[in-house]
Amino acid sequence: AVPPTCDQVGYIEYYLCSNCQTCFSDEDGTIIVDESDIKVEALGHNVEKVEAKDPTCDEPGNIEYYTCHSCGNIYMDEDMMIEADESEVLIPTLSHEVTIVNEVAPTCTEEGTKEHYACINCESVFTFSSSTIKFVPSTFVLGIIFISCS
């Protein structure tokens, strides 16, 4: 037996006479079958469109493509004519580009912030300790400077 795939027919188990090339459904060669009796149609692709996604500093992006959930193949087109591999559709992650954000003094109407470092690509906040750069989780709120306006 040969199981069908997304784009290839399969065949149920059968017996083939080596002399006359006749197909039989039984080992004794008494029940003749033709190709339509033993052939299993191709399953067809189970395709999903994957939308384009820009890369970030933490995750790669991708161009628009199509993937089959049954066979796992990747296609560049909806008609599944142009097969691709993952390297052709993925866009590498960005690198953090850290820049200094100067201290801003508070006013009576605006909050101020302490000097810090931020990535211009993803806006992640970093601090420097000695010669090491440390990432500050996004839930961290930078020290806010308050003043009294009397």
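So, how was this worked out
Along each chain, the written sequence defines residue order, and numbers are assigned to residues from 1. Under the rules for a predicted model, residues below a pLDDT of 70 receive no local features and side-chain atom pairs below 80 are neither given nor counted, while totals for whole chains, interfaces and linings still include all residues. With hydrogens and water stripped out, all remaining heavy atoms of the structure feed into the side-chain values. Using a 1.4 Å probe on the protein chains alone, a residue whose accessible area is under 20% of its type maximum counts as buried, one over 50% counts as exposed, and one in between counts as partly exposed. In this description a helix means any DSSP run of H or I spanning at least four residues, a strand means any run of E spanning at least two, and both kinds are numbered starting from the N terminus. Note: two strands are recorded as paired if DSSP finds a minimum of 2 bridges between them. A carboxyl oxygen of Asp or Glu within 4 Å of a side-chain nitrogen of Lys or Arg is what we treat as a salt bridge. The definition of a nonpolar core used throughout is a set of buried Ala, Val, Leu, Ile, Met, Phe, Trp, Tyr and Cys residues joined through side-chain atoms within 4.5 Å. Contact definition: two residues touch when any of their heavy atoms are within 4.5 Å. Patch construction takes residues with relative accessible area above 30% that form no salt bridge. Like charges are linked within 9 Å, and nonpolar side chains (Val, Leu, Ile, Met, Phe, Trp, Tyr) are linked within 5 Å. Per-residue and other accessible areas follow the Shrake-Rupley method at a 1.4 Å probe size, with only the shown protein chains counted as cover for residues. Under this rule, positive means Lys or Arg and negative means Asp or Glu; His and the chain ends count for nothing. To locate a charge, the coordinates of NZ of Lys, CZ of Arg, CG of Asp or CD of Glu are taken. The predictor's confidence in any single residue is recorded as pLDDT, a number from 0 to 100.

**Describing the pairing of strand S8 (residues 65-68)**
Consideration 1: Of the two faces of S8, the one lined by Tyr65 and Thr67 and the one lined by Tyr66 and Cys68 are each fully buried.
Consideration 2: Note that strand S6 (residues 47-50) and S8 share four bridges and pair antiparallel. Residue pairing across strands places Val47 opposite Cys68, the latter belonging to S8.
Consideration 3: Looking at chain direction, S8 and strand S9 (residues 74-75) are connected through two bridges and run antiparallel. What sits directly across from Thr67, in S9, is Ile74.
Consideration 4: In this antiparallel pair of consecutive strands, S8 and S9, the connection spans five residues, and Gly72 shows a positive phi of 80°.

**A few points about the pattern of salt bridges**
Between side chains of opposite charge, a pair can form as their charged atoms come close.
Consideration 1: A full pass over the atoms with the stated rule returns three salt bridges.
Consideration 2: Two residues, Lys49 and Glu51, come together in a salt bridge whose shortest N-O distance is 3.8 Å.
Consideration 3: Between Lys53 and Glu59 there is a salt bridge; the shortest N-O distance is 3.5 Å.
Consideration 4: Here Lys53 falls in the partly exposed class, since its relative accessible area comes to 38%.
Consideration 5: Within the structure, one salt-bridge network assembled from shared partners comprises Lys49, Glu51 and Glu64.

**Description of the sheet that holds S6**
Consideration 1: Ordered by their spatial adjacency, four strands build an open sheet running S6-S8-S9-S10, and the pairing between neighbours is antiparallel. Across the chains shown, the open sheet's two edge strands, defined by having one partner strand only, are S6 and strand S10 (83-84).

**Focus: the nonpolar core**
Buried together is how nonpolar side chains tend to be arranged in soluble globular proteins.
Consideration 1: Grouped together as the largest cluster of nonpolar side chains are five residues: Val50, Tyr65, Ile74, Ala84 and Val89.
Consideration 2: Excluding its chain neighbours within four sequence positions, the residues that come into contact with Ile74 are Tyr65, Tyr66, Thr67, Ile82, Glu83, Ala84, Asp85, Glu86 and Val89.

**Notes on the environment of Val40**
Consideration 1: Relative to the helices and strands, Val40 is located in strand S5 (residues 39-40).
Consideration 2: In this structure the C-alpha to C-alpha distance between Val40 and Val2, which are 38 residues apart in sequence, comes to 8.9 Å.
Consideration 3: Setting aside residues no more than four positions away along its own chain, Val40 makes contact with Pro4, Val9, Gly10, Tyr11 and Ile12.

**Some details on a negative patch on the surface**
Consideration 1: A contiguous patch of negative charge, built from Asp7, Glu83, Asp85, Glu86 and Glu88, is present on the exposed surface.
Consideration 2: Inspection of the secondary structure assignment puts Glu83 in strand S10.

**A closer look at the confidence of the model for the protein chain**
Consideration 1: With 85% of its residues at a pLDDT of 70 or more, the protein chain shows a mean pLDDT of 86.
Consideration 2: Ranking the elements of the protein chain by mean pLDDT puts strand S17 (residues 144-145) last with 48 and strand S7 (residues 61-62) first with 98.
Consideration 3: Contacts for the low-pLDDT stretch residues 138-142, under 50 throughout, to residues beyond four places or in other chains number two contacts.

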